[in-house]
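Structure assessment
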Amino acid sequence: MVFTNMMNGFGVTWIFFFLICAGITIFAFVFWILMLVDCVKRKFKDDSEKIIWVLVLVFTGIIGALIYYFIVKNKKKR
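Residues numbered from 1 in each chain as written. Predicted model: local features only at pLDDT ≥ 70, side-chain atom pairs only at ≥ 80, totals over all residues. Heavy atoms only, no water.

With that settled, consider the environment of leucine 36. Topologically, leucine 36 is positioned in helix H1 (residues 2–41). Placed 22 residues apart in sequence, leucine 36 and valine 58 show a C-alpha to C-alpha distance of 7.9 Å. Among all residues touching leucine 36, those that are not within four sequence positions of it are Val54, Leu57 and Val58. (Helix = DSSP H or I, 4+ residues; strand = E, 2+ residues; numbered from the N terminus. Contact = heavy atoms within 4.5 Å.)

In structure tokens:
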């Protein structure tokens, strides 16, 4: 009886853990897509700069999206 109650609580913990991980993953994917779309639409000084940023975003995923956000997109706000 005690073991069964312990396992029920353990299962609920895993469900919450899974939901949190799924939420973070979805947020990261949407953020990556938004940065990729921004990069494609943005006017750069040179077309080769745009190509390089698109390749960085495609091959590095969320890390590249964060780098793009802080280097390119955040610079426009200042």
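Read on, since the account is not over.
What follows is about the packing of aromatic side chains. Tallying each qualifying case throughout the model produces six aromatic pairs. Between the aromatic rings of phenylalanine 27 and phenylalanine 31, the centroid separation amounts to 6.5 Å while the plane-to-plane angle is 15 degrees, which identifies the pairing as stacked. Here phenylalanine 27 and its partner phenylalanine 31 are both found in helix H1, four residues apart, which amounts to about one turn of the helix. A relative accessible area of 60% means that phenylalanine 27 is categorised as exposed. Taking the centre distance of 5.2 Å and the plane angle of 80 degrees together, the rings of tyrosine 69 and phenylalanine 70 count as edge-to-face. A connected cluster of aromatic rings, assembled from ring pairs, spans Phe27, Phe31, Tyr69 and Phe70. (Phe/Tyr/Trp six-rings, centres within 6.5 Å; stacked < 30°, edge-to-face > 60°. Buried < 20%, exposed > 50% of the residue type's maximum accessible area, 1.4 Å probe, protein only.)

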